[in-house]
Amino acid sequence: MEILVTNDDGIFAPGLWRLVKELQKIGRVVVVAPDREQSALGTAVTLRQPLRVRKIRPLVAEVETYSVEGTPADSIILGFGKLLKNKADLVVSGINSGPNLGDDVLISGTVGAALQGYLRGSAALAISIDSLDNLYLDNAARLAALLAEKIAGNAIPANIFLNVNLPGLSLEETKGIKITRLASRSHIDTVEEGHDGRKAYYWLVRQKINKDPEEGTDIHAIEGGDISITPLHTEILNKPSPRIPDSLCSELLKELRKSQP
Ligand code: MN
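The present account deals with the structure reproduced in this document. (Residues numbered from 1 in each chain as written. Predicted model: local features only at pLDDT ≥ 70, side-chain atom pairs only at ≥ 80, totals over all residues. Heavy atoms only, no water.)

On to the sheet that holds strand E4 (residues 64-68), then. Read across the sheet, nine strands follow the order E3-E4-E2-E1-E5-E6-E7-E11-E8 without closing on themselves; strand pairing throughout is mixed. Strands with a single pairing partner mark the edges of an open sheet, and in this sheet they are strand E3 (53-55) and strand E8 (177-179). Ignoring which end each strand starts from, the neighbouring axes of this sheet average 20° apart. Here strand E2 (residues 28-34) pairs with E4 via five bridges, running parallel. Note on E4: the bridge partner recorded for Ala33 is Ser67. Along the sheet, helix H3 (residues 109-119) contacts strand E1 (2-6), strand E5 (90-97), strand E6 (123-130) and strand E7 (161-167); its crossing angle with E5, the most-contacted strand, is approximately 180°. (Pairing = 2+ DSSP bridges. Helix = DSSP H or I, 4+ residues; strand = E, 2+ residues; numbered from the N terminus. Axes fitted to C-alpha atoms, helices over the stretch in contact; angles between N-to-C directions. Contact = heavy atoms within 4.5 Å.)

Written out as C-alpha coordinates, the structure reads:
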(Lines give C-alpha, C1' and ligand atoms only; values in the text may rest on other atoms or scores of the structure.)
Protein backbone atom coordinates (compact mmCIF):
# COMPACT_ATOMS: atom_id res chain seq x y z
CA MET A 1 0.00 0.00 0.00
CA GLU A 2 1.35 3.41 -1.06
CA ILE A 3 0.41 6.10 1.49
CA LEU A 4 0.84 9.85 1.00
CA VAL A 5 0.92 11.75 4.28
CA THR A 6 0.44 15.47 4.73
CA ASN A 7 -0.94 17.95 7.26
CA ASP A 8 -1.70 21.63 7.73
CA ASP A 9 0.27 22.16 10.95
CA GLY A 10 3.58 22.11 9.04
CA ILE A 11 6.07 19.38 8.23
CA PHE A 12 7.72 19.38 11.68
CA ALA A 13 4.47 19.05 13.67
CA PRO A 14 4.64 16.08 16.06
CA GLY A 15 1.22 14.76 14.94
CA LEU A 16 2.46 14.12 11.42
CA TRP A 17 5.47 12.09 12.51
CA ARG A 18 3.54 10.02 15.03
CA LEU A 19 1.22 9.14 12.16
CA VAL A 20 4.12 8.29 9.83
CA LYS A 21 5.62 5.95 12.43
CA GLU A 22 2.41 3.91 12.60
CA LEU A 23 1.56 3.98 8.90
CA GLN A 24 5.08 2.87 8.02
CA LYS A 25 4.24 -0.52 9.55
CA ILE A 26 1.56 -1.20 6.93
CA GLY A 27 2.73 0.47 3.73
CA ARG A 28 5.24 2.60 1.89
CA VAL A 29 4.90 6.14 3.23
CA VAL A 30 5.86 9.32 1.39
CA VAL A 31 5.51 12.65 3.20
CA VAL A 32 4.70 15.79 1.21
CA ALA A 33 3.71 18.61 3.54
CA PRO A 34 3.79 22.40 3.90
CA ASP A 35 7.03 23.85 5.26
CA ARG A 36 5.08 25.89 7.84
CA GLU A 37 1.69 26.02 9.51
CA GLN A 38 -1.09 26.42 6.95
CA SER A 39 -4.19 25.86 9.08
CA ALA A 40 -7.63 27.09 7.97
CA LEU A 41 -6.62 27.33 4.30
CA GLY A 42 -9.18 24.75 3.21
CA THR A 43 -8.57 23.54 -0.34
CA ALA A 44 -6.59 26.66 -1.37
CA VAL A 45 -4.18 26.10 -4.27
CA THR A 46 -1.29 28.35 -5.27
CA LEU A 47 -1.64 29.49 -8.88
CA ARG A 48 0.10 32.87 -8.96
CA GLN A 49 3.59 31.94 -7.91
CA PRO A 50 5.92 28.99 -8.45
CA LEU A 51 6.06 26.26 -5.84
CA ARG A 52 9.42 25.35 -4.33
CA VAL A 53 9.94 21.82 -3.00
CA ARG A 54 12.84 20.52 -0.90
CA LYS A 55 13.64 16.90 -0.22
CA ILE A 56 14.53 16.91 3.47
CA ARG A 57 15.84 14.51 6.07
CA PRO A 58 12.83 12.74 7.65
CA LEU A 59 12.17 12.66 11.40
CA VAL A 60 11.37 8.94 11.02
CA ALA A 61 14.14 6.97 9.31
CA GLU A 62 13.92 6.09 5.61
CA VAL A 63 10.72 7.95 4.81
CA GLU A 64 10.89 9.93 1.55
CA THR A 65 10.02 13.46 2.68
CA TYR A 66 9.33 16.64 0.75
CA SER A 67 8.80 20.08 2.25
CA VAL A 68 6.57 22.34 0.15
CA GLU A 69 6.47 26.13 0.16
CA GLY A 70 2.72 26.00 -0.30
CA THR A 71 -0.62 24.84 1.05
CA PRO A 72 -1.76 21.36 2.11
CA ALA A 73 -3.72 21.05 -1.16
CA ASP A 74 -0.61 22.10 -3.15
CA SER A 75 1.31 19.32 -1.39
CA ILE A 76 -1.14 16.65 -2.52
CA ILE A 77 -1.30 17.98 -6.08
CA LEU A 78 2.51 18.00 -6.26
CA GLY A 79 2.66 14.54 -4.72
CA PHE A 80 0.34 13.06 -7.33
CA GLY A 81 1.61 15.15 -10.23
CA LYS A 82 5.34 14.89 -9.70
CA LEU A 83 6.81 13.36 -6.56
CA LEU A 84 5.14 9.94 -6.25
CA LYS A 85 6.24 7.13 -8.52
CA ASN A 86 2.85 5.45 -8.37
CA LYS A 87 -0.59 6.75 -7.53
CA ALA A 88 -1.16 6.74 -3.76
CA ASP A 89 -3.69 4.17 -2.56
CA LEU A 90 -4.40 6.34 0.45
CA VAL A 91 -3.92 9.95 1.48
CA VAL A 92 -3.75 10.59 5.21
CA SER A 93 -3.84 14.17 6.49
CA GLY A 94 -3.03 15.00 10.11
CA ILE A 95 -2.87 14.42 12.94
CA ASN A 96 -4.27 17.89 13.34
CA SER A 97 -3.82 19.58 16.67
CA GLY A 98 -7.41 20.68 17.37
CA PRO A 99 -10.72 19.32 16.09
CA ASN A 100 -12.22 19.68 12.58
CA LEU A 101 -15.95 19.32 13.11
CA GLY A 102 -19.21 20.41 11.53
CA ASP A 103 -19.04 23.05 8.80
CA ASP A 104 -15.47 23.78 9.85
CA VAL A 105 -14.47 21.03 7.42
CA LEU A 106 -15.03 23.64 4.71
CA ILE A 107 -12.10 25.75 5.88
CA SER A 108 -9.93 23.01 7.35
CA GLY A 109 -6.57 22.58 5.61
CA THR A 110 -6.39 19.07 7.06
CA VAL A 111 -9.68 18.07 5.41
CA GLY A 112 -8.86 20.15 2.29
CA ALA A 113 -5.72 18.09 1.67
CA ALA A 114 -7.61 14.80 2.12
CA LEU A 115 -10.22 16.09 -0.33
CA GLN A 116 -7.54 16.61 -2.98
CA GLY A 117 -6.53 12.96 -2.61
CA TYR A 118 -10.16 11.83 -2.80
CA LEU A 119 -10.74 13.90 -5.96
CA ARG A 120 -7.75 12.10 -7.52
CA GLY A 121 -9.26 8.68 -6.86
CA SER A 122 -7.47 7.67 -3.66
CA ALA A 123 -9.01 6.71 -0.37
CA ALA A 124 -8.63 9.71 1.93
CA LEU A 125 -8.49 10.14 5.66
CA ALA A 126 -8.36 13.39 7.64
CA ILE A 127 -7.55 12.87 11.31
CA SER A 128 -7.71 15.42 14.12
CA ILE A 129 -7.65 15.43 17.87
CA ASP A 130 -9.66 17.73 20.13
CA SER A 131 -6.62 18.76 22.14
CA LEU A 132 -3.88 21.29 21.58
CA ASP A 133 -1.25 19.76 23.88
CA ASN A 134 -0.22 16.72 21.78
CA LEU A 135 -1.51 14.27 24.36
CA TYR A 136 -2.91 11.00 23.04
CA LEU A 137 -1.43 11.41 19.56
CA ASP A 138 -0.52 7.71 19.69
CA ASN A 139 -4.20 6.70 19.89
CA ALA A 140 -4.99 8.79 16.82
CA ALA A 141 -2.00 7.39 14.92
CA ARG A 142 -2.95 3.79 15.72
CA LEU A 143 -6.58 4.41 14.74
CA ALA A 144 -5.42 5.87 11.39
CA ALA A 145 -3.28 2.78 10.79
CA LEU A 146 -6.19 0.47 11.68
CA LEU A 147 -8.47 2.31 9.27
CA ALA A 148 -5.79 2.11 6.58
CA GLU A 149 -5.64 -1.66 7.11
CA LYS A 150 -9.43 -1.90 6.81
CA ILE A 151 -9.25 0.02 3.53
CA ALA A 152 -6.42 -2.22 2.27
CA GLY A 153 -8.44 -5.31 3.26
CA ASN A 154 -11.61 -3.99 1.57
CA ALA A 155 -13.56 -3.83 4.85
CA ILE A 156 -14.08 -0.15 3.93
CA PRO A 157 -14.64 0.90 0.30
CA ALA A 158 -11.41 1.95 -1.47
CA ASN A 159 -12.87 5.28 -2.61
CA ILE A 160 -13.79 6.42 0.91
CA PHE A 161 -13.22 9.92 2.30
CA LEU A 162 -13.30 9.96 6.10
CA ASN A 163 -13.10 12.78 8.59
CA VAL A 164 -11.95 11.33 11.91
CA ASN A 165 -11.88 13.26 15.19
CA LEU A 166 -10.77 11.98 18.58
CA PRO A 167 -11.66 13.57 21.91
CA GLY A 168 -8.66 14.71 23.95
CA LEU A 169 -9.05 11.71 26.27
CA SER A 170 -7.20 8.54 27.16
CA LEU A 171 -8.60 5.32 25.66
CA GLU A 172 -9.93 4.37 29.10
CA GLU A 173 -11.88 7.64 29.22
CA THR A 174 -13.04 7.37 25.60
CA LYS A 175 -16.62 6.12 25.48
CA GLY A 176 -16.78 4.55 22.03
CA ILE A 177 -16.55 5.10 18.30
CA LYS A 178 -19.48 6.56 16.37
CA ILE A 179 -20.17 6.90 12.66
CA THR A 180 -21.55 10.41 12.40
CA ARG A 181 -22.72 13.14 10.07
CA LEU A 182 -21.45 16.71 10.09
CA ALA A 183 -23.15 19.05 12.54
CA SER A 184 -24.71 21.93 10.67
CA ARG A 185 -22.98 24.83 12.38
CA SER A 186 -19.90 24.83 14.51
CA HIS A 187 -18.54 28.36 14.68
CA ILE A 188 -19.34 31.94 13.99
CA ASP A 189 -16.61 34.35 12.96
CA THR A 190 -16.70 37.61 14.86
CA VAL A 191 -14.52 40.64 14.28
CA GLU A 192 -12.58 42.32 17.05
CA GLU A 193 -11.21 45.77 16.40
CA GLY A 194 -8.01 47.18 17.87
CA HIS A 195 -5.72 50.10 17.22
CA ASP A 196 -1.94 49.96 16.80
CA GLY A 197 -1.42 53.69 17.41
CA ARG A 198 -1.57 54.50 13.68
CA LYS A 199 -4.30 52.43 12.18
CA ALA A 200 -7.21 50.26 13.12
CA TYR A 201 -6.69 46.52 12.77
CA TYR A 202 -9.04 43.59 12.98
CA TRP A 203 -8.84 40.10 14.39
CA LEU A 204 -11.20 37.43 13.13
CA VAL A 205 -12.21 35.42 16.17
CA ARG A 206 -13.90 32.04 15.99
CA GLN A 207 -16.58 31.39 18.54
CA LYS A 208 -18.20 28.07 19.24
CA ILE A 209 -21.95 28.35 18.72
CA ASN A 210 -23.22 24.81 18.49
CA LYS A 211 -24.06 24.44 22.18
CA ASP A 212 -26.73 21.79 21.80
CA PRO A 213 -25.58 19.56 18.94
CA GLU A 214 -28.02 17.09 17.40
CA GLU A 215 -27.60 13.44 18.16
CA GLY A 216 -25.80 11.60 15.38
CA THR A 217 -23.54 14.52 14.57
CA ASP A 218 -19.77 14.69 14.91
CA ILE A 219 -19.89 17.48 17.51
CA HIS A 220 -22.37 15.49 19.62
CA ALA A 221 -20.06 12.48 19.53
CA ILE A 222 -16.93 14.41 20.52
CA GLU A 223 -18.70 16.27 23.31
CA GLY A 224 -19.97 12.96 24.65
CA GLY A 225 -16.43 11.55 24.74
CA ASP A 226 -16.76 9.37 21.63
CA ILE A 227 -14.44 9.12 18.64
CA SER A 228 -16.24 10.45 15.57
CA ILE A 229 -15.86 9.00 12.06
CA THR A 230 -17.72 10.98 9.40
CA PRO A 231 -17.84 9.65 5.84
CA LEU A 232 -17.61 12.69 3.56
CA HIS A 233 -18.17 13.16 -0.15
CA THR A 234 -18.01 16.09 -2.50
CA GLU A 235 -21.63 17.09 -1.94
CA ILE A 236 -20.40 18.03 1.47
CA LEU A 237 -23.61 19.05 3.16
CA ASN A 238 -25.59 16.19 1.61
CA LYS A 239 -28.68 18.26 1.01
CA PRO A 240 -30.50 18.81 -2.27
CA SER A 241 -29.96 22.31 -3.67
CA PRO A 242 -32.95 24.65 -3.33
CA ARG A 243 -35.11 24.54 -6.49
CA ILE A 244 -34.74 27.46 -8.87
CA PRO A 245 -37.20 27.37 -11.78
CA ASP A 246 -35.69 26.96 -15.29
CA SER A 247 -37.84 29.89 -16.47
CA LEU A 248 -35.61 32.14 -14.37
CA CYS A 249 -32.68 31.41 -16.70
CA SER A 250 -34.41 32.64 -19.86
CA GLU A 251 -35.73 35.61 -17.91
CA LEU A 252 -32.21 36.47 -16.69
CA LEU A 253 -30.77 36.11 -20.20
CA LYS A 254 -33.47 38.36 -21.63
CA GLU A 255 -32.87 41.02 -18.99
CA LEU A 256 -29.10 40.74 -19.36
CA ARG A 257 -29.35 41.37 -23.10
CA LYS A 258 -31.77 44.24 -22.56
CA SER A 259 -29.43 45.87 -20.03
CA GLN A 260 -26.55 45.82 -22.56
CA PRO A 261 -25.50 49.44 -23.17
MN1 MN B 1 -4.04 22.65 11.77
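Picking up where we left off.
What follows is about the nonpolar core. Of all hydrophobic cores here, the largest spans 37 residues; its most connected members are Val5, Val20, Leu23, Val31, Ile127 and Val164. Taken together, the elements giving at least two residues each to this core come down to E1, helix H1 (14-23), E2, E5, E6, helix H4 (137-152), E7 and strand E11 (227-231). Ranked by residues supplied to this core, first place goes to H4 with nine residues. Each residue touching Ile127, except ones within four places of it in the same chain, is listed here: Leu19, Val92, Ser93, Gly94, Ile95, Asn96, Thr110, Ala140, Ala144, Val164 and Leu166. In this structure, Val30, Tyr66, Ile76 and Ala88 belong to the second largest nonpolar core, which totals 13 residues. (Core = buried A, V, L, I, M, F, W, Y, C linked by side-chain atoms within 4.5 Å. Buried < 20%, exposed > 50% of the residue type's maximum accessible area, 1.4 Å probe, protein only.)

A large share of E2 lies buried, amounting to six of its seven residues. Pairing of E1 with E2 involves four bridges; the strand directions are parallel. Of the residues in E2, the one forming a bridge with Val5 is Val31. With H1 bridging E1 and the parallel E2, this β-α-β connection has right-handed handedness. (Right-handed = clockwise from strand over helix to strand, strands pointing away.)

This next bit is on helix H2 (residues 72-83). In terms of burial, H2 is a largely internal element, nine of the 12 residues being buried. Tucked into the core, H2 has its buried residues touching E1, E2, E3, E4, E5 and H3.

How two helices pack is summed up by the angle between their axes together with the distance between the axes. With their axes 8 Å apart at the nearest point, H2 and H3 run at an angle of 25° to one another. In terms of orientation, H2 lies roughly parallel with respect to H3. Note on packing geometry: the crossing formed by H2 with H3 is right-handed. Only Gly109, Ala113, Gln116 and Gly117 of H3 make contact with H2, whose side of the interface consists of Pro72, Ala73, Ile76, Ile77 and Phe80. In terms of residue class, the contact of H2 with H3 is made up of six nonpolar, three polar and no charged. (Parallel < 35°, antiparallel > 145°, perpendicular 65-115°, else oblique. Left-handed = near helix turned anticlockwise from the far one by under 90°. Nonpolar A, V, L, I, M, F, W, Y, C, P; charged D, E, K, R; others polar.)

What follows deals with the pairing of E4. Successive residues of a regular strand alternate their side chains across the two faces of the sheet. With five of five residues buried, E4 is to be regarded as a mostly interior element. Pairing of E3 with E4 involves three bridges; the strand directions are antiparallel. Directly across from Arg54, in E4, lies its bridge partner Ser67.

Within the element layout of this structure, Thr174 appears in the loop between E7 and E8. On the basis of relative accessibility, which here comes to 14%, the residue Thr174 falls in the buried class. Polar side-chain contacts of Thr174 include one of 2.8 Å to the backbone oxygen of Ser170. (Polar contact = N/O pair within 3.5 Å; in protein donor to acceptor, adjacent residues only side chain to side chain.)

Cis peptide bonds are those with omega within 30 degrees of zero, and the linkage from Gly94 to Ile95 qualifies with -5°. Its identity is not glycine, yet Ala40 carries a phi of approximately 65°, on the positive side. You can see Ala40 is positioned in the loop between E2 and E3. The class for Ala40 is partly exposed, based on a relative accessible area of 49%. Positive phi, normally seen in glycine, also occurs at Tyr136, with a value near 60°. Looking at Tyr136, the relative accessible area reads 29%, which means it is partly exposed.

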